[in-house]
Amino acid sequence: MATATKTVSEEEEEVTTVKVNGSAVNGVPPVFTSSRELKVVFVLGGPGSGKGTQCSKIVETFGFVHLSAGDLLRAEIKSGNENGNMIQNMIKEGKIVPAEVTVKLLQKAMEESENDKFLIDGFPRNEENRAIFESVTGIEPQFILFFDCPEQEMERRLLGRNQGRVDDNIETIRKRFKVFVESSIPVVDYYETSGKVNKIDATKSVDKVFDSIRPLFDCFNHVSSNGYEEELTEAIKQHNINGSAVAITN
Ligand SMILES: Nc1ncnc2c1ncn2[C@@H]1O[C@H](COP(=O)(O)OP(=O)(O)OP(=O)(O)O)[C@@H](O)[C@H]1O
Ligand SMILES: Nc1ccn([C@H]2C[C@H](O)[C@@H](COP(=O)(O)O)O2)c(=O)n1
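Calculation rules
- Residues numbered from 1 in each chain as written.
- Chains lettered and ligands numbered in written order.
- Predicted model: local features only at pLDDT ≥ 70, side-chain atom pairs only at ≥ 80, totals over all residues.
- Heavy atoms only, no water.
- UniProt positions renumbered as here; feature names shortened; annotations may be inferred.
- 1 Å grid on protein atoms, 1.4 Å probe; cavity = no way out; pocket = protein on both sides within 12 Å on 5 of 7 lines; lining within 4 Å.
- Helix = DSSP H or I, 4+ residues; strand = E, 2+ residues; numbered from the N terminus.
- Contact = heavy atoms within 4.5 Å.
- Buried < 20%, exposed > 50% of the residue type's maximum accessible area, 1.4 Å probe, protein only.
- Salt bridge = Lys/Arg side-chain N within 4 Å of Asp/Glu carboxyl O.
- Axes fitted to C-alpha atoms, helices over the stretch in contact; angles between N-to-C directions.
- Parallel < 35°, antiparallel > 145°, perpendicular 65-115°, else oblique.
- Nonpolar A, V, L, I, M, F, W, Y, C, P; charged D, E, K, R; others polar.

Side note on the UniProt feature "binding site: ATP" (unreviewed entry) in the protein chain
UniProt records the feature "binding site: ATP" (unreviewed entry) at Gly48, Ser49, Gly50, Lys51, Gly52, Thr53, Arg161 and Lys204, using the numbering of this structure. Lining the largest pocket, from the residues named above, are Gly48, Ser49, Gly50, Lys51, Gly52, Thr53, Arg161 and Lys204. Tracing the backbone through its elements, the reader meets Arg161 in the loop between helix 7 (151–159) and helix 8 (170–192). When residues no more than four places from it in sequence are discounted, the contact partners of Arg161 are Asp168 and Arg176. Within the secondary structure, Lys204 sits in the loop between strand 5 (197–201) and helix 9 (206–221). In this view, Lys204 contacts Arg157 and Val209; residues no more than four positions away in its chain are not counted.

Quick look at the UniProt feature "binding site: a ribonucleoside 5'-phosphate" (unreviewed entry) in the protein chain
Those residues carrying the UniProt feature "binding site: a ribonucleoside 5'-phosphate" (unreviewed entry) are Arg74, Lys95, Ile96, Val97, Gly122, Phe123, Pro124, Arg125, Arg165 and Arg176 in this numbering. Considering only the residues just annotated, the largest pocket is lined by Arg74, Lys95, Ile96, Val97, Gly122, Phe123, Arg125, Arg165 and Arg176. Examined against the element boundaries, Arg74 turns out to sit in helix 3 (residues 69–78). Not counting residues within four places of it along the chain, the set of residues in contact with Arg74 comprises Ser68, Ile91 and Arg165. Examined against the element boundaries, Pro124 turns out to sit in the loop between strand 3 (117–121) and helix 6 (127–137). On the accessibility criterion, Pro124 (0% relative accessible area) is buried. Residues in contact with Pro124, not counting those within four places in the same chain, are Phe42, Leu44, Asn129, Arg130, Val187 and Tyr191.

So, the pattern of salt bridges
Counted under the stated rule, the structure contains 19 salt bridges. With a shortest N-O distance of 3.9 Å, Asp116 and Lys39 are connected by a salt bridge. With Asp116 in the loop between helix 5 (99–112) and strand 3 and Lys39 in strand 1 (residues 39–45), the pair connects residues that are 77 residues apart, well separated along the chain. By relative accessible area, Lys39 is classed as buried at 16%. For Arg130, the salt bridge goes to Glu127, with nearest N and O atoms at 2.7 Å. Taken together, the residues Arg130 and Glu127, both in helix 6 and three residues apart, mark about one turn of the helix. Given the relative accessible area of 8%, Arg130 is considered buried.

Quick word on the packing of helix 3 against helix 5
Two elements in contact, helix 3 and helix 5, have axes separated by 10 Å at closest approach and are oriented at 100°. On the basis of their axis angle, the class for helix 3 and helix 5 is roughly perpendicular. Contacts between helix 3 and helix 5 pair Ala69, Leu72, Leu73 and Glu76 from the former with Val101, Thr102, Leu105 and Leu106 from the latter. Considering only residue class, the contact of helix 3 with helix 5 consists of six nonpolar, one polar and one charged.

Quick look at the structure:
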């Protein structure tokens, strides 16, 4: 009689499924290990555009895990890790930390989580971030949320944030704006070519901004018989028809 018993190698394969759809970095194949199909949304926008504020609301309503690259780097400084000084100096200067460091922190956080839906906030901040994340994890984002906000408003918000951050001073803020335009906008442009960017008018009130984001996440709560992909594609189409089609200008 045939039995359903799995061989040892079949069982091993099930628990150690390696995502190998990324390409090798310096000849090293992708090392991200997960038996889950992870869903990732990248949250981009200038410093102070309201990314973290909206991520908290998405977590509450749609059960995503919020991974802020900036928070992970700040935790690394506090932990006394050998990279701490380097990270602290780069953040003070408004510079972008080498991708190997940030991707490793994100990878660890995802592997340690039991959830399969992640909002990755403040990442990828430049082309190096994007390429290394893709190579190491093999993960393609579901879509990008791009918070569009004028510098004047972002500056006002950052100066009023009052969280004791070493980079919320006018000198560093100006440097962060420059890095955002020079290094982060090109990443948004990259994803724009594959229609993945959903531009959000971040100048509105917190609740109004959330109202404009909500339809993009509904599909993760209400999966239709067609599966969430079709619902998501329709939501992105509607979002763009509603006047938010991306036209990024520097
Ligand atoms: N829609 C909004 N209207 C007015 N103030 C807001 C809005 N959204 C967020 N804020 C406030 O602006 C400040 C910056 O918001 P938040 O920390 O969410 O921005 P961020 O994009 O995550 O910033 P950073 O990239 O520097 O981490 C906070 O003090 C927050 O309370
Ligand atoms: N991918 C990232 C994200 C953040 N940093 C550094 C540089 C930023 O100015 C700082 C603060 O980030 P925020 O909390 O504003 O998202 O952290 C980075 O180097 N790479």
